[in-house]
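Secondary and tertiary structure notes
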Amino acid sequence: MRFETVLLLTSIGIDSVSAARFFIEEEQGIEYSCAYLVFNKTPLTHPKYLELLELLSQRLGVRYFITEPTGYAYRPPTCRNAWKINPLKHLIERFCKPVLLVTGQKRIDSPVRSKLGKFGKWFVNGVYVYRPIYEWISTWNYAVEILPEAKPIWKEIKSKHGHTSLDCVPCLRKVAER
């Protein structure tokens, strides 16, 4: 299938940075017309992440979009809808379909993700999801190679929260507790 648009979803965490890098630099089996990074800005966005997004955009040679929350709920799953799903749905409406969402989700992230598979349909018609690093165990070195400026921030966040995606602390904390 040929995609009109590829949206590389990034939280500027190591997994989403790795997925975006792999798709742009190494993926050869998917045809598309244009690709963009998409960053969902949330109330928890680290101040340096927007600077890192600009650097990642330059290094991958793709433009980016920043979505804004549609609400300020702080409890899952309401925050996920307000901070990520709804803004992404609004952005997707701007593009011709089919659209491919590229995520940094991995099988080992959670029991739910272990059942998703590498490729699938999203719940919006004409939108598909691709998880290029789905089978990967570690993404640290691959992400640091393309965005070394993020390493000190990732280390700081990982030491405090156990992962490098600051925007989803409530949900990721629940996964880590299982």
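A brief structural summary. (Residues numbered from 1 in each chain as written. Predicted model: local features only at pLDDT ≥ 70, side-chain atom pairs only at ≥ 80, totals over all residues. Heavy atoms only, no water.)

1. Describing the pairing of strand β4 (residues 99-102)
Test applied: Throughout, exposure labels follow a simple rule: accessible area from a 1.4 Å probe, protein chains only, divided by the maximum for the residue type, with under 20% read as buried, over 50% as exposed, and the rest as partly exposed. Where helices and strands are cited, they refer to DSSP runs of H or I of at least four residues and of E of at least two residues respectively, numbered from the N terminus. A pair of strands is treated as paired once DSSP finds two or more bridges between them.
Here β4 shows a buried face lined by Val-99 and Leu-101 and a second buried face lined by Leu-100 and Val-102. Bridging between strand β1 (residues 2-10) and β4 involves 4 bridges; their strand directions are parallel. From the neighbouring strand, Leu-8 faces β4, where its bridge partner is Val-102. Inspection of the sheet shows β4 paired to strand β6 (residues 127-130) by 4 bridges, in the parallel sense. The residue of β6 that forms the bridge with Leu-100 is Tyr-128.

2. As for the side chain of Arg-131
Applicable threshold: The positive count covers Lys and Arg only, the negative count covers Asp and Glu only, and His and the chain ends enter neither. By definition, a salt bridge exists where a carboxyl oxygen of Asp or Glu is found within 4 Å of a side-chain nitrogen of Lys or Arg. Counted as a polar contact is a pair of N or O atoms within 3.5 Å, where, for protein atoms, one must be capable of donating a hydrogen and the other of accepting one, and residues adjacent in sequence contribute only when both atoms are in side chains. Contacts were defined at the residue level, with two residues in contact if any of their heavy atoms lie within 4.5 Å.
By the secondary structure assignment, Arg-131 is in the loop between β6 and α4 (140-146). Buried Arg-131, no salt bridge; nearest opposite-charge side chain is Asp-109, N-O distance 8.4 Å. Among the polar contacts listed, one links the side chain of Arg-131 to the backbone oxygen of Gly-117, at a separation of 2.9 Å. With near-sequence residues (within four places) excluded, Arg-131 lies in contact with Thr-103, Gln-105, Leu-116, Gly-117, Lys-118, Phe-119 and Gly-120.

3. Quick look at helix α3 (residues 78-92)
Note the following rule: Take the number of residues in a helix, subtract one, and multiply by 1.5 Å to get its expected span.
With 15 residues, α3 should cover 21 Å at 1.5 Å per step; its first-to-last C-alpha distance of 20 Å lies within 8% of that length. Among all positions of α3, only Cys-79, Ala-82, Trp-83, Ile-85, Pro-87, Leu-88, Leu-91 and Ile-92 are buried. Those residues of α3 that are buried are in contact with β1, β2 (31-40), β3 (63-67), β4 and β6.

4. Let's talk about a nonpolar patch on the surface
Test applied: Exposure above 30% relative accessible area and the lack of any salt bridge qualify a residue for a patch; like charges then connect within 9 Å, and the nonpolar side chains Val, Leu, Ile, Met, Phe, Trp and Tyr within 5 Å. Only the protein chains shown count as cover for residues, and the accessible areas themselves come from Shrake-Rupley with a 1.4 Å probe.
A contiguous nonpolar surface patch, about 330 Å² in accessible area, is contributed by Leu-44, Tyr-72 and Tyr-74. Mapped onto the elements, Tyr-72 comes out in the loop between β3 and α3. With relative accessibility at 56%, the residue Tyr-72 sits in the exposed group.

5. Describing unusual backbone geometry
Note the cis peptide between Lys-97 and Pro-98, where omega equals 10°. Here Pro-98 lies in the loop between α3 and β4. Although it is not a glycine, Ile-12 sits at a positive phi angle of roughly 65°. With respect to the secondary-structure elements, Ile-12 resides in the loop between β1 and α1 (14-25).

6. Re α1
Taking 1.5 Å per residue, 12 residues should reach 16 Å; α1 reaches 16 Å between its end C-alpha atoms and fits that length. Of all 12 residues making up α1, 10 are buried, and the element is well covered by its neighbours. Within the span of α1, buried status applies to Ile-14, Asp-15, Ser-16, Val-17, Ser-18, Ala-19, Ala-20, Arg-21, Phe-22 and Phe-23.

7. Thoughts on the sheet that holds β4
Applied cut-off: Lines are fitted to the C-alpha atoms to define the axes, a helix being fitted only along its stretch in contact, and any angle between axes, read from their N-to-C directions, falls within 0 to 180 degrees.
Read from one edge of the open sheet, 6 strands run β3-β2-β1-β4-β6-β5, paired in mixed fashion. The open sheet is flanked by β3 and β5 (119-121), the only strands paired with a single partner. Going from strand to strand, the sheet's axes swing by 30° on average, the running direction of each strand aside. Both β1 and β2 contribute to a ladder of 8 bridges, which runs parallel. In the sheet register, Phe-3 faces β2, and the bridge partner there is Tyr-32. Each of β1, β2, β4 and β6 touches α1; the most contacted strand, β1, lies at about 150° to it. In the packing of helix α2 (residues 49-60) onto the sheet, the strands contacted are β1, β2 and β3, and the crossing angle to β2 comes to about 165°.

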